[in-house]
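Here is how the chains run, residue by residue.
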Amino acid sequence: HCLAVRAVCQREIDCDRGNGYSWKITLLRNYWKSKVKQEWLSGKYSNIPSPFSLPEKSMYPMDVDTWGEILQAELER
């Protein structure tokens, strides 16, 4: 599971592992972030009519670098 999450959140996984977190804790810390990030990166929310159209799980606390990746993907679409 960690390797699947790492495919989307490589920087986050590598940072957690580098900080000494176990694979289990790393997975728990990044699982939902990877799901939400993958949906954003895939363009699922590119053309929404309003913020109220977003499903509840479309947001998750993410750092500025993660949002930068998402915004860069939007610019490239």
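Model, not experiment: these values are computed from the prediction. (Residues numbered from 1 in each chain as written. Predicted model: local features only at pLDDT ≥ 70, side-chain atom pairs only at ≥ 80, totals over all residues. Heavy atoms only, no water.)

(A) Looking closely at the packing of helix α2 (residues 10-18) against helix α3 (residues 23-41). Two elements in contact, α2 and α3, have axes separated by 10 Å at closest approach and are oriented at 165°. Comparing their axes, α3 and α2 come out roughly antiparallel. The hand of the α2/α3 crossing is right-handed. Touching Glu 12, Ile 13, Asp 16 and Arg 17 of α2 are Trp 23, Thr 26, Arg 29, Asn 30, Lys 33 and Lys 37, all from α3. When grouped by side-chain class, the residues that make up the contact of α2 with α3 number 2 nonpolar, 2 polar and 6 charged. (Axes fitted to C-alpha atoms, helices over the stretch in contact; angles between N-to-C directions. Helix = DSSP H or I, 4+ residues; strand = E, 2+ residues; numbered from the N terminus. Parallel < 35°, antiparallel > 145°, perpendicular 65-115°, else oblique. Left-handed = near helix turned anticlockwise from the far one by under 90°. Contact = heavy atoms within 4.5 Å. Nonpolar A, V, L, I, M, F, W, Y, C, P; charged D, E, K, R; others polar.)

(B) Quick peek at the side chain of Asn 30. Turning to its location among the elements, Asn 30 is positioned in helix α3. Overall, Asn 30 belongs to the buried group, its relative accessible area being 2%. Setting aside anything within four residues of it in sequence, one finds Asn 30 in contact with Val 5, Glu 12, Ile 13 and Asp 16. (Buried < 20%, exposed > 50% of the residue type's maximum accessible area, 1.4 Å probe, protein only.)

(C) Examining a nonpolar patch on the surface more closely. A grouping of Tyr 21, Ile 25 and Leu 28 is seen on the molecular surface, where their side chains present a nonpolar patch of about 270 Å² in accessible area. Examined against the element boundaries, Tyr 21 turns out to sit in the loop between α2 and α3. (Patch = residues over 30% accessible without salt bridge, like charges linked within 9 Å, V, L, I, M, F, W, Y side chains within 5 Å. Areas by Shrake-Rupley, 256 points an atom, 1.4 Å probe, with all protein chains shown as cover. Salt bridge = Lys/Arg side-chain N within 4 Å of Asp/Glu carboxyl O.)

(D) Geometry of the nonpolar core. Residues Val 36, Trp 40, Tyr 45, Leu 54, Met 62 and Ile 70 constitute the largest nonpolar core, which totals 6 residues. Apart from residues no more than four positions distant in its own chain, Leu 54 is found in contact with Tyr 45 and Ile 48. (Core = buried A, V, L, I, M, F, W, Y, C linked by side-chain atoms within 4.5 Å.)

(E) Broad picture of the pattern of salt bridges. Considering all chains together, one arrives at 9 salt bridges under this definition. Taking the shortest distance from any N to any O, the salt bridge between Arg 11 and Glu 69 comes out at 3.2 Å. Note that Arg 11 is positioned in helix α2 and Glu 69 in helix α4 (residues 64-76), a separation of 58 residues in sequence. Members of the salt-bridge network, linked through shared partners, are Arg 11, Glu 12, Lys 37, Asp 63 and Glu 69.

Without other data, these values stay purely geometric and don't point to any function.
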